[in-house]
Amino acid sequence: MISEILSYPFLVRALLVGLCVSIAASLLGVSLVLRRFSMIGDGLSHVGFGALGLSALLSLQPMVVTIPVVVIAAFVLLRISEGKRGGDSAIALISSSALALGVIAVSIAGVNTDLNAFLFGSILSVSKTDGVIAAVISIATLFSYVIFYHQIYATTFDSSFARATGINTRRYTALLSLLTALVIVVGMRILGSLLISSLIIFPAAVAMKIEKTYLKVSVVAAAEALIAFLAGFLLSYAFSLPTGASIVVVHMVIFIVASLVKSVKA
């Protein structure tokens with residue numbers, strides 16, 4: 001089965017894109033979940049679909065509209081989340097409104113296969129450009145975590161203390177916002193806008209049940225993301241199942257097993 005998959009260039013491309021996005025999303029997810037910003041992934045995916053609907057309505061290239069809109073939305077949503085009250089409600093309102101506007105725009109423009117692929121995910125929609133973007137995002141995320149590890153660590157756990165020590169927390173929050181937005185846009189190709197947030201939340205949630213320190217949680221999250229993606233990808237190919245849904249189900253099973261193991265040990 002593996003040799004068959006490797007014989008199709010589009011499947012190899014989708015596999016590489018998925019692996020890159022999984023690593024990047026899992027690392028970003030650790031910081032987002034620890035800072036209680038996990039809802040941002042879901043919000044950005046809905047904003048992304050709204051942007052896609054707008055691009056179809058205006059007959060523009062999807063990426064030309066989606067990337068800047070989602071990046072701007074990431075900064076706005078993170079800013080809202082940093083507020084003491086009403087952050088979750090504001091994100092829910094923005095995401096649901098963006099999704100509704102996207103559906104209306106798609107209805108007016110006429111449903112096409114490409115937009116459906118963004119909504120539900122499609123292996124066939126992964127292009128060479130997606131592969132290049134995914135590789136760049138993955139490398140940028142890894143380098144960011146290696147070079148700015150201490151700053152991201154401090155910003156994640158105690159932004160007030162980090163600012164007191166001279167760390168520009170807004171700069172690193174902006175970096176996380178940018179990388180998260182780009183991961184969401186590229187990941188929508190495989191998992192769709194309705195499922196992409198699972199790549200951010202599940203690996204971090206599983207890792208936190210296994211390890212306690214930030215570094216170990218990050219490593220376990222990345223490993224879990226790779227295993228879940230590969231298992232879901234193979235499951236999808238073997239039984240002709242939707243790829244995005246298969247990957248999420250594997251994540252869910254791993255999370256349940258990790259929860260049960262933790263309960264038994266406790």
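Notes on the structure follow. Because the structure is predicted, anything quoted here is derived from the model rather than measured. (Residues numbered from 1 in each chain as written. Predicted model: local features only at pLDDT ≥ 70, side-chain atom pairs only at ≥ 80, totals over all residues. Heavy atoms only, no water.)

Observations concerning the overall build of the protein chain
So, point 1. Along the protein chain, the regular secondary structure elements total 13 helices and zero strands.
So, point 2. Counting from the amino terminus, the protein chain carries its helices and strands in the arrangement α-α-α-α-α-α-α-α-α-α-α-α-α.
So, point 3. Projecting the C-alpha coordinates of the protein chain onto the three principal axes gives extents of approximately 50 × 40 × 30 Å.
So, point 4. By residue count, 45% of the 266 residues in the protein chain fall in the buried class.
So, point 5. Within the protein chain, residue pairs in contact and separated by at least 24 positions form 78% of the contacts whose partners lie at least 6 positions apart. (Helix = DSSP H or I, 4+ residues; strand = E, 2+ residues; numbered from the N terminus. Buried < 20%, exposed > 50% of the residue type's maximum accessible area, 1.4 Å probe, protein only. Contact = heavy atoms within 4.5 Å.)

With respect to the packing of helix α2 (residues 9-34) against helix α7 (residues 128-147)
So, point 1. Interaxial distance between α2 and α7 falls to 9 Å at its minimum, and their mutual angle equals 30°. By the criterion of interaxial angle, the relationship of α2 to α7 is roughly parallel. The chirality of how α2 crosses α7 is left-handed. Judged by residue contacts, R13, V17, C20, V21, I23, A24, L27, L28 and S31 of α2 engage K128, D130, G131, A134, A135, I137, S138, T141, L142 and Y145 from α7.
So, point 2. Among the residues making up the contact of α2 with α7, the classes are represented as twelve nonpolar, four polar and three charged. (Axes fitted to C-alpha atoms, helices over the stretch in contact; angles between N-to-C directions. Parallel < 35°, antiparallel > 145°, perpendicular 65-115°, else oblique. Left-handed = near helix turned anticlockwise from the far one by under 90°. Nonpolar A, V, L, I, M, F, W, Y, C, P; charged D, E, K, R; others polar.)

A short note on the nonpolar core
So, point 1. In this structure, L44, I190 and F233 are the most contacted members of the largest nonpolar core, which totals 55 residues.
So, point 2. With eleven residues, α2 is the largest single contributor of residues to this core.
So, point 3. The residues touching I190, leaving out its near neighbours within four places in the chain, are A14, V17, G18, F120, G121, S122, I123, V126, F229, T243, G244 and I247. (Core = buried A, V, L, I, M, F, W, Y, C linked by side-chain atoms within 4.5 Å.)

Considerations on empty space enclosed by the protein
So, point 1. What the rule picks out here adds up to one cavity of 30 Å³ or more.
So, point 2. Of the voids in this model, the largest cavity is the one considered here, and its volume is about 40 Å³.
So, point 3. Residue lining of the largest cavity: G18, V21, S22, G187, I190, L191, L199 and F229, and that is the complete set.
So, point 4. In terms of residue class, the lining of the largest cavity is made up of five nonpolar, three polar and no charged. (1 Å grid on protein atoms, 1.4 Å probe; cavity = no way out; pocket = protein on both sides within 12 Å on 5 of 7 lines; lining within 4 Å. Points joined across faces, edges and corners; volume = space filled by probe spheres on them.)

Here we look at the packing of aromatic side chains
So, point 1. This model, assessed by the stated rule, comprises nine aromatic pairs.
So, point 2. Seen from their ring centres, F229 and F233 are 5.7 Å apart, and the 35° between their planes marks the pair as tilted. With a gap of four residues between them, F229 and F233 both fall in helix α12 (residues 214-239), about one helical turn apart.
So, point 3. Looking at F229, the relative accessible area reads 1%, which means it is buried.
So, point 4. One aromatic cluster is present, built from ring pairs that chain together Y149, Y153, F157 and Y214. (Phe/Tyr/Trp six-rings, centres within 6.5 Å; stacked < 30°, edge-to-face > 60°.)

A look at α12
So, point 1. End to end, α12 covers 37 Å across 26 residues, agreeing with the expected 38 Å (1.5 Å per residue, within 8%).
So, point 2. S240, located one to two residues past α12, shows a positive phi value of around 55°. (Expected span 1.5 Å × (residues − 1).)

With respect to unusual backbone geometry
So, point 1. One non-glycine residue, S59, lies in positive phi territory at about 55°.
So, point 2. As for its placement among the helices and strands, S59 is situated in the loop between α3 (39-57) and α4 (62-81).
So, point 3. Although it is not a glycine, S240 sits at a positive phi angle of roughly 55°.
So, point 4. Within the secondary structure layout, S240 lies in the loop between α12 and α13 (243-265).
So, point 5. Look at S240 and you get exposed, because its relative accessible area is 67%.

So, a nonpolar patch on the surface
So, point 1. A surface patch of nonpolar side chains, about 670 Å² in accessible area, is lined by L54, L57, L58, L60, L101, I104 and I108.
So, point 2. If you list the elements that add at least two residues to the nonpolar patch, you get α3 and α5 (87-109).
So, point 3. The dominant element in the nonpolar patch, judged by the number of residues it contributes, is α5, at three residues.
So, point 4. You can see L57 is positioned in helix α3. (Patch = residues over 30% accessible without salt bridge, like charges linked within 9 Å, V, L, I, M, F, W, Y side chains within 5 Å. Areas by Shrake-Rupley, 256 points an atom, 1.4 Å probe, with all protein chains shown as cover. Salt bridge = Lys/Arg side-chain N within 4 Å of Asp/Glu carboxyl O.)

Comments concerning the environment of F157
So, point 1. Topologically, F157 is positioned in helix α8 (residues 149-157).
So, point 2. As a C-alpha pair, F157 and R35 span 122 residues in sequence and 7.1 Å in three-dimensional space.
So, point 3. Not counting residues within four places of it along the chain, the set of residues in contact with F157 comprises L34 and Y214.

Limitation: the analysis is restricted to geometry and does not speak to function.
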